[in-house]
Amino acid sequence: MTSEAIPGGGPKLSLTARIMIGMVAGVIIGVIFNLIDAPFINQHIVGGLFAMIGKAFVNALKMLVVPLVVFSLICGVLGIGDIRILGRVGGKAFVLYMLTTAIAIAVALIIATIVGPGAGFSMEGIEAGSITAATAPTVWDVFANIVPSNPVSAMANGDMLQVIFYVIVVGVAALMLGEISKPFALAAEYMNELMMKVVEIVMAFAPIGVFCLIAKVFAEQGVGLFVPVLAYVATLTGVLLLHLFVTLMVLLKVLSGLNPMTFMAKIRPAQLFAFSTASSNATIPVTYRCVTERMGVDNSVASFTVPLGATVNMDGTAIMQGVATVFLANVYGVDLGIGGYLTVIAMAVLASIGTAGVPGVGLVMLTMVLTQVGLPIEGIALILGVDRLMDMIRTAVNITGDAVVSTIVAKSEGKVDVGIYNDPNAGLLEEHLGIDPHAEEVLADAARPHPAE
Ligand code: ASP
């Protein structure tokens, strides 16, 4: 934990340290409330106060996503300044996103097959027909839907692929207009700075927001839920951690040469947000901030790769689908065969492109995968109880994959400021939260009527 001295006060804990304290306190209080199981606490504290603060905090994060992506992406496109480079950055990011997801699920299938969770499980109490399968969109639909018919509704619905597409087209048009786009570029730059400041304000409330979210999950779920499906939980968590600490870090080292330990230290706030909210989309502002301000990745790459990754890259979710499929195949005594495995890999990679990073979507995608390989979807009932906690871990893995790919792509384009990357204090929130000492003068001057020039 880092601490720093503030003038006239005692040592002040860093925001990351305070978020971690909020998280641990949330687990402890949540487990205690779960054991007490008092109706008053359940209804008014957990279901009332904690739920309200947690929801307000997630809403506050979500409210930042669309404006932040729009303005940072406009700055990004104008910053790149060349449509060919934009295409190259997008191409590299997309290929790496697909590749990491495919590796993730292949490793998950191999390890789950070796460990064999679910063998000898009893299927009592699961009614047939209690869960309905989602239908998988076709590849053609997925690509056709990237073009929004109505950009305003794409923004209102937070459909990030559509928003990204629209903003890139507008950015390219502004580039083509040349000189007269200057005021537009300045305005976008200002709006981007402004939104980053709003991110900081929201993040200042993170310790309490995170505490309430975590306490609520543990109070409602308890830890007893794990016992019946311990083999599934242990295998899944093991593969998720392996992907996080080994696969992604080896890729980062090999493809960018940057130090993985530094990366891990700097991405931590985003991982904590992802864990608490179980939503890659809601975490976009924090991931973006960690990648640009703490790791020195240029906005021209990060503004594009971070929101794209939150939508199309889901390594952790793919791992869950792999382990869950093998687990349920064992439970039902079905032999998947090599064809089954390949189907699972293809489905998981495709499904991750078309679905947004929001809580629980992995489970919906799992129904598609199970239907494809001919497993009864009712089996999902077995893992439903532990899915929220698994969702929290896999979302942290998902956003780490987004940040790794963003860093690799930026490094390959010479767009990482290695000085910032290696500086442990770069972009620490505490340095920025103050108000600019000249702000009043600047604003007063701006408000004063100026004689026409
Ligand atoms: N919650 C995950 C995410 O937002 C998706 C999932 O696995 O359900 O990335």
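Relevant structure appears above.
Small disclaimer: the values here were computed from a predicted structure and weren't measured.

1. Observations concerning the nonpolar core
Consideration 1: Membership of the largest hydrophobic core comes to 135 residues, with the highest contact counts inside it found for Tyr-232, Phe-263 and Ile-267.
Consideration 2: Take this core: its biggest share by element is 17 residues, from helix 16 (residues 380–412).
Consideration 3: Ignoring anything within four residues of it in the chain, the contact list for Ile-267 reads Cys-290, Met-295, Ile-399 and Ala-403.
Consideration 4: Ile-41, Phe-50, Ala-215 and Ala-219 belong to the second-largest nonpolar core, a separate cluster that totals 8 residues.

2. Brief notes about helix 12 (residues 299–312)
Consideration 1: Taking 1.5 Å of rise per residue, the 14 residues of helix 12 would be expected to cover 20 Å, and the 19 Å separating its terminal C-alpha atoms lies within 8% of that figure.
Consideration 2: Taking burial as the measure, the 14 residues of helix 12 include 14 buried ones, the bulk of the element.

3. A look at the site of the ligand
Consideration 1: Around the ligand there are 14 residues in total, and Ser-280, Thr-317, Gly-362, Asp-391 and Arg-394 lie nearest to it.
Consideration 2: At a separation of 3.1 Å, an oxygen atom of the ligand approaches a polar backbone atom of Val-361.
Consideration 3: Separating an oxygen atom of the ligand from a side-chain N or O atom of Arg-394 is a distance of 2.5 Å.
Consideration 4: When the free accessible area of the ligand is taken as 270 Å², the share hidden by the protein chains comes to 100%.

4. Some thoughts on the pattern of salt bridges
Consideration 1: For the structure on display, the rule yields 10 salt bridges.
Consideration 2: Measuring nitrogen to oxygen at the nearest pair gives 2.8 Å for the salt bridge that ties Glu-413 to Lys-92. Here Lys-92 lies in helix 3 (residues 83–115) and Glu-413 lies in the loop between helix 16 and helix 17 (418–422), a separation of 321 residues in the sequence.
Consideration 3: Notably, a salt bridge pairs Glu-293 with Arg-289, separated by 3.4 Å at the nearest N-O pair. With Glu-293 and Arg-289 both in helix 11 (residues 280–294) and 4 residues apart, the pair spans about one turn of that helix.
Consideration 4: Taking the relative accessible area as the measure of exposure, Glu-293 reaches 26% and is therefore partly exposed.
Consideration 5: Through salt bridges that share partners, Lys-197, Glu-200, Arg-289 and Glu-293 make up one connected network.

5. Considerations on a nonpolar patch on the surface
Consideration 1: Judged by side-chain polarity, Leu-241, Leu-242, Phe-245, Val-246, Val-250, Val-254 and Leu-255 come together as a nonpolar surface patch covering roughly 610 Å² of accessible area.
Consideration 2: Tracing the backbone shows Leu-255 in helix 9 (residues 230–256).
Consideration 3: A residue is classified by how much of its surface remains accessible, and Leu-255, at 43% relative accessible area, is partly exposed.

6. Quick look at the environment of Ile-383
Consideration 1: Checked against the element boundaries, Ile-383 lands in helix 16.
Consideration 2: In this structure the C-alpha to C-alpha distance between Ile-383 and Leu-328, which are 55 residues apart in sequence, comes to 9.4 Å.
Consideration 3: Here Ile-383 is in contact with Tyr-232, Ala-324, Phe-327, Leu-363 and Leu-366, once residues within four sequence places are set aside.

7. Quick look at the packing of aromatic side chains
Consideration 1: Scanning the model with the defined rule gives 4 aromatic pairs in all.
Consideration 2: Taken together, a centroid distance of 6.2 Å and an interplanar angle of 15° make the contact between Phe-33 and Phe-50 stacked. Taken together, the residues Phe-33 in helix 1 (residues 15–36) and Phe-50 in helix 2 (residues 39–80) connect sequence positions 17 residues apart. Neither Phe-33 nor Phe-50 differs from the other in exposure class; each is buried.
Consideration 3: A centroid spacing of 5.1 Å and a plane angle of 40° characterise the contact between Tyr-232 and Phe-327, whose relative ring orientation is tilted. In this pair, Tyr-232 sits in helix 9 while Phe-327 sits in helix 13 (residues 315–332), placing the two residues 95 residues apart along the sequence. Phe-327 carries the same exposure label as Tyr-232, and that label is buried.

Parameters and conventions
Residues numbered from 1 in each chain as written. Predicted model: local features only at pLDDT ≥ 70, side-chain atom pairs only at ≥ 80, totals over all residues. Heavy atoms only, no water. Core = buried A, V, L, I, M, F, W, Y, C linked by side-chain atoms within 4.5 Å. Buried < 20%, exposed > 50% of the residue type's maximum accessible area, 1.4 Å probe, protein only. Helix = DSSP H or I, 4+ residues; strand = E, 2+ residues; numbered from the N terminus. Contact = heavy atoms within 4.5 Å. Expected span 1.5 Å × (residues − 1). Near = heavy atom within 4 Å. Polar contact = N/O pair within 3.5 Å; in protein donor to acceptor, adjacent residues only side chain to side chain. Areas by Shrake-Rupley, 256 points an atom, 1.4 Å probe, with all protein chains shown as cover. Salt bridge = Lys/Arg side-chain N within 4 Å of Asp/Glu carboxyl O. Patch = residues over 30% accessible without salt bridge, like charges linked within 9 Å, V, L, I, M, F, W, Y side chains within 5 Å. Phe/Tyr/Trp six-rings, centres within 6.5 Å; stacked < 30°, edge-to-face > 60°.

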